[in-house]
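Here is how the chains run, residue by residue.
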Amino acid sequence: MESFSQKTKEELIRRFPKKKCCVKAEIAAIVRANGTLHLRANRSFVLSISSENASLMRKVHQLLKVGFQLQSQLVIEETEKLGRRWYKLQLTGAKTVKKVLGEMDILSSDFNFDSGVPSALVRTKCCQAAFLRGAFLARGSVTDPQKGNYHLEIVSESEDFAQGLTYLMNLCKFKAGLSQRREYKEYVVYLKEAEAISNFLTFIGAHSALLFMEDVRIIKEMRNEVNRLVNCETANLEKSVRAAVEQVEIITVFMKKKEFKNLPNNLKDLAVLRLENPGASLRELGQLANPPLSKSAVNHRMRKLLKIAKTYLE
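Here the structure is a predicted model, which means the values were calculated and not measured.

Participant: Outline the overall build of the protein chain, supporting the account with residue identities and numerical values.
Facilitator: Scanning the protein chain from N- to C-terminus turns up 11 helices and eight strands. In terms of C-alpha radius of gyration, the protein chain reaches 35 Å, well past the compact-globule figure of 20 Å for 314 residues. Taking all 314 residues of the protein chain together, the buried fraction comes to 42%. For the protein chain, long-range pairs separated by at least 24 residues make up 63% of all intrachain contacts whose partners lie at least 6 apart in sequence. Accessible area of the protein chain: about 18,200 Å², with a carbon and sulfur share of 51%. Here the protein chain contributes 51 positive and 34 negative side-chain charges, whose respective centroids are spaced 3 Å apart.

Written out as structure tokens, the structure is:
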């Protein structure tokens with residue numbers, strides 16, 4: 001069964017940028033997150049992009065074809081870890097690799113792999129969205145909103161890339177945080193608030209995931225409101241029961257005193273009514289009275305009765 005994170009990625013994989021600049025921005029983020037550059041013995045370059053997601057690799061292949069008119073080679077490799085399959089896409093040839101990496105501002109003039117976020121590729125909102133979509137597809141995850149806490153993160157071994165992502169996400173008003181997992185030697189760019197995650201999913205084009213998340217949020221809010229009302233009603237009921245028990249105890253003792261006979265008839269009638277109906281609320285006692293009384297009237301008389309009773313019982 002697919003997780004919420006996997007379903008979100010599958011939706012984003014099906015979303016292709018309409019502009020060539022956005023194509024380059026999205027592929028640039030994926031390469032920065034999951035790409036490695038190798039120099040072979042014959043001094044030719046090889047750019048490798050790997051992932052466990054075959055659909056993502058097919059999208060990368062298509063993006064390279066559209067953005068750079070290139071045919072990449074897709075190699076399937078089997079990992080030893082839990083028997084999972086890894087998919088590796090390779091670009092070979094110094095000229096081809098330099099062209100692709102150069103246009104994505106990844107390869108510097110001295111042939112160093114630049115893992116930062118290039119400002120030239122994220123100048124517009126559409127390109128910013130494409131770049132963040134690529135980063136999330138490559139190394140991102142989001143928790144199932146049904147399971148409790150809201151959390152979205154993008155992981156990277158590069159501090160420069162993580163800092164660049166954090167800056168870009170905050171530039172887009174997403175309130176991103178940055179932390180380091182030292183034991184894994186990786187950096188985590190994260191969002192914690194439900195609203196920020198919703199806005200992020202909207203921005204990168206995960207509309208179905210957003211609708212599911214909003215449905216869950218509405219159900220949670222309704223459930224919390226029902227629980228609050230039930231708890232409030234339960235608390236009020238418990239309070240009423242305690243008050244009724246106290247009233248019965250005081251009246252039972254007071255009726256044995258000679259002073260009880262000197263009470264006004266309306267108070268004596270209420271005392272008897274309470275003993276005959278120990279579990280009734282003040283409103284119900286009022287309805288049982290003859291003639292009927294309002295809750296306020298019953299409360300007033302009961303307070304007066306208890307005050308007199310306590311005077312003689314102390």
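Participant: Before we move on, can you summarise the sheet that holds strand 6 (residues 152-156) with the specific residues and values?
Facilitator: Pairing within the open sheet is antiparallel, and its four strands lie in the order 5-6-8-7. Two strands close off the open sheet at either side, each with one partner strand: strand 5 (140-142) and strand 7 (177-181). Neighbour to neighbour, the strand axes of the sheet diverge by 25 degrees on average, direction disregarded. Bridge count for strand 7 against strand 8 (residues 186-191) is five bridges, and the pairing is antiparallel.

Calculation rules
Residues numbered from 1 in each chain as written. Predicted model: local features only at pLDDT ≥ 70, side-chain atom pairs only at ≥ 80, totals over all residues. Heavy atoms only, no water. Helix = DSSP H or I, 4+ residues; strand = E, 2+ residues; numbered from the N terminus. Rg over C-alpha atoms; globule rule 2.2 N^0.38 Å. Buried < 20%, exposed > 50% of the residue type's maximum accessible area, 1.4 Å probe, protein only. Contact = heavy atoms within 4.5 Å. Areas by Shrake-Rupley, 256 points an atom, 1.4 Å probe, with all protein chains shown as cover. Lys, Arg positive; Asp, Glu negative; His and termini not counted. Charge placed at Lys NZ, Arg CZ, Asp CG, Glu CD. Pairing = 2+ DSSP bridges. Axes fitted to C-alpha atoms, helices over the stretch in contact; angles between N-to-C directions.

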